[in-house]
Every structure is written in C-alpha cells, then in structure tokens.
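Descriptive structure summary
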Amino acid sequence: MTVSHRFNAEPPAFGDAVEIRPGILWIRLPLPYRLNHVNIYVLDDGAGWTVIDTGIGTDQSIQAWRTLLAGVLAGRPVNRIVCTHHHPDHVGMVGWLCRETGAELLMGEVEFLLAQYYANAPHAIDGRAFRQLYLLHGLSEDFVAHMMSEGHDYQRRTTGLPLSFTRLVAGQTVMIGARAFEIVTGGGHSSLQVMLYCREDGLFVAADQVLPRITPNIGVAGIEPSSDPLQHFFTSLASIRDAIPDGTLTLPGHDWPFTGLHQRIDTLVEHHHARCDIVAEACRDGARTVADLVPVLFDQDLSHHQMSFAFAETLSHVNYMIGQGRLRLDTSGPVWSVGLKDRSPLG
Ligand SMILES: [Zn+2]
C-alpha cells in the first residue's frame, strides 16, 4: 500500500490504495469510458471497513474488488457500504459486494428508491418516457434508436441491490471509527446525493457534487422531464459553500482529492451561467430545438453514450432558463422548440 498524508499524492494504481489520512484509503476502480475510473473511499471503522461507493457493475469491477478484498483490505471485514447516489458507477457493484461480504447498505432513501426503480423497471430506461423526450426535443428517430440501445447501456451495469438498507438523512451524524461525519444531501447531479462531512478533521466526501477537474453532469432524465436540476445544483452548492470551510480536504468521486472548495464551487456556478448565456445567444435569431442546442454547447463528435449525457445536460440548462423566465417552450408543434421570452419595452 502506498502511504501518503498529502492530498496531492499520485492517484492509486488499480488494486492499490493511497492512505490520505490515517485510516482513510483512496482507491480507484476502472470504468469502461473516457472517464476511466471512479474513486471510492474505504474507512477504518474500528471493527473493520466502511466502504463509500462501489464502482460500476462489470466483470472488470468484480476482478478489481476480488484483488482489493484479498489484498489491501484483507484480514478485516467490510461492515458497511455507503452509496452516495444511484448512478451505476457508484451503486453498480453494491449488490455483488453486499452478497460477497454480508455488509449493511447505508443510503439516502431517495437514491435507494431510484436505484430500485431503475433496477426493477428496465422499461423505464428503454421505454416511452425517454423516447418521447428525445423525439419531442428534435432528435431523429434513427439517432434515438441508437441512443436507446447503446447510449443507455451504462444504466444497466448494476449487480442488484440488497432488499433492505439503513437510511441516511441530512443533518444526521454517522460515526466511522473515531470520526464523526455529518450527512449532507444535495440535488443537481442526482436527485438527493449523499455527502459526508467530518468537521473535526476537515474532510468532505463530496461524491460527484463537486469535482476538481470536470463539471458533474447536471441532466434532466426521462423520469422527470420538466425537472430543474440546475436550480437544485445551485442551491446545493450555495449551502455547501456556507457550511464547509474552503480549506477542507474534499474527496470527490472522480479525479483527485483537493482543497480550495469555495473557488471550485464558484467556478462551477460561473460555468453554468456562461452556458446559459451561450444558449440565449443561440436563440437570438429564432427558436431552436434542444437537439439544435446540443452541438452549440458540446462541439465535439459525441458517441451515443456521451450524447445521452449531453442531451440531458442541455435540457437542464433550457429548463432552468424557462424557470428563470429567460426562455419559453413552444409545445404547439410535433417537435418542441425554445425561444427567448419576449421582454416588454418597459422591462
Ligand atoms: Zn460518478
């Protein structure tokens, strides 16, 4: 095991761990995407390990977990697994891991139920809700067909869930070893992501809410097409910024632990406001569909996997701007469009 007390240590190789504070292990699991890893954290809880997040449900993850359980984690039981949110790269291995170790699952109720929803209702992913949403917003039939099969493959990469769990609620304190962690929850990236804050040690397990390099996907899903996740994200970032000091060592779900939380939050907020301005500019000459706006915000050639995220993210900006009164949605035709809302000359 590589031991380091520096937050800027080199990331651990797959199968290895970096001890970022005594009893807190930073581990990476492989993802089969351009973002090629997810961070998990394994904490010494006195009697054994508490694992935070589990990786995506693939054979590669099973191999990685077998290596960890027989290697850096060997000799002590995995007692508890905390899943921060229902996305497959975080919740994907929880079924397998609970079966393998007998660990108890701790999760926010909303995220647990969402994970159950997607696990029990595969037609929710393949079905009309998503199809309709894409078609109404101007994507072609052909593209939608590809996206439904390839783009949604990610959603299916899970290994089930245990039938029971222990609920984590905002404001509650969870002891992990000698450390007290306050549960923080927030929307935006997911419905109600769970984060853990240890004030005494200046540690914040941020999951995907605040990432050091990339912006977490803020997307509208077919399950709730008129939702406004960007507004929820802004609200959550503001409350995190209020409650958690800048110098806190933040442990994110991807890339590397970092300090400078407030600066990073400010950058994320500015980024999304700038994206809204780009959308407004693109609508200046007339109404556009959400499908038209995707390449305005994402100028690269997108795979179907990336396209499903790009579309969801573009729609989140559109829904936010509708909520803010900047855009208006025209649902009169077979394909919907958005345009700048008329402003009266008197403002
Ligand atoms: Zn993630």
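Presented here is an overview of the structure given in this document. This structure is a prediction, so every number in the text was calculated from the model and none was measured.

Quick notes on the coordination of the zinc ion
Tetrahedral coordination by four donors sets the ideal angle at the metal to 109.5 degrees; octahedral coordination by six donors sets it to 90 or 180 degrees. Distances from the zinc ion to its protein donors, D89 (OD), H90 (NE2), D208 (OD) and H254 (NE2), fall within 2.0 to 2.4 Å. For the zinc ion, the four donor atoms in the first shell make angles of 88 to 161 degrees at the metal, so the coordination geometry reads as irregular.

Quick look at the sheet that holds strand 12 (residues 203-207)
Taken in spatial order, the five strands line up as 9-10-11-12-13 in an open sheet, and their pairing is mixed. The sheet is open, and its two edges are formed by strand 9 (173-176) and strand 13 (249-252), each paired on a single side. Strand-to-strand, the axes of this sheet are offset by a mean angle of 30 degrees, without reference to chain direction. Where strand 10 (residues 179-186) meets strand 11 (residues 193-198), five bridges bridge the pair, whose relative direction is antiparallel. Paired with G186 across the strands is Q193, a residue of strand 11.

Regarding unusual backbone geometry
Phi is positive for D53, close to 70 degrees, though the residue is something other than glycine. On the secondary structure map, D53 appears in the loop between strand 5 (49-52) and helix 1 (59-70). In this structure, D255 is a non-glycine residue whose phi angle is positive, near 65 degrees. Structurally, D255 can be placed in the loop between strand 13 and helix 9 (261-282).

Rules behind the numbers
Residue indices follow the written sequence of each chain, beginning from 1 at its first position. Side-chain atom pairs in this predicted model are given and counted only at pLDDT of 80 or more, local residue features only at pLDDT of at least 70, and totals for whole chains, interfaces and linings cover all residues. The side-chain figures draw on all heavy atoms in the structure; neither hydrogens nor water molecules are used. In this description, a donor is an N, O or S atom within 2.8 Å of the metal centre, a cutoff extended to 3.2 Å for sodium, potassium and calcium. Water is not part of the atom list, which can make sites seem incomplete. Metal sites are grouped by the angles between bound donors: all angles between 85 and 135 degrees with four donors is tetrahedral, opposite donors over 155 degrees apart with the others between 65 and 115 is square planar for four donors and octahedral for six, and any other pattern is irregular. Only strands that DSSP links by at least two bridges are regarded as paired with each other. Strands here are runs of E lasting at least two residues and helices are runs of H or I lasting at least four, both read from the DSSP assignment and numbered beginning at the N terminus. Every axis corresponds to a line fitted to the C-alpha atoms, with the helix fit spanning only the stretch in contact, and the corresponding angles, defined between N-to-C directions, vary from 0 to 180 degrees.

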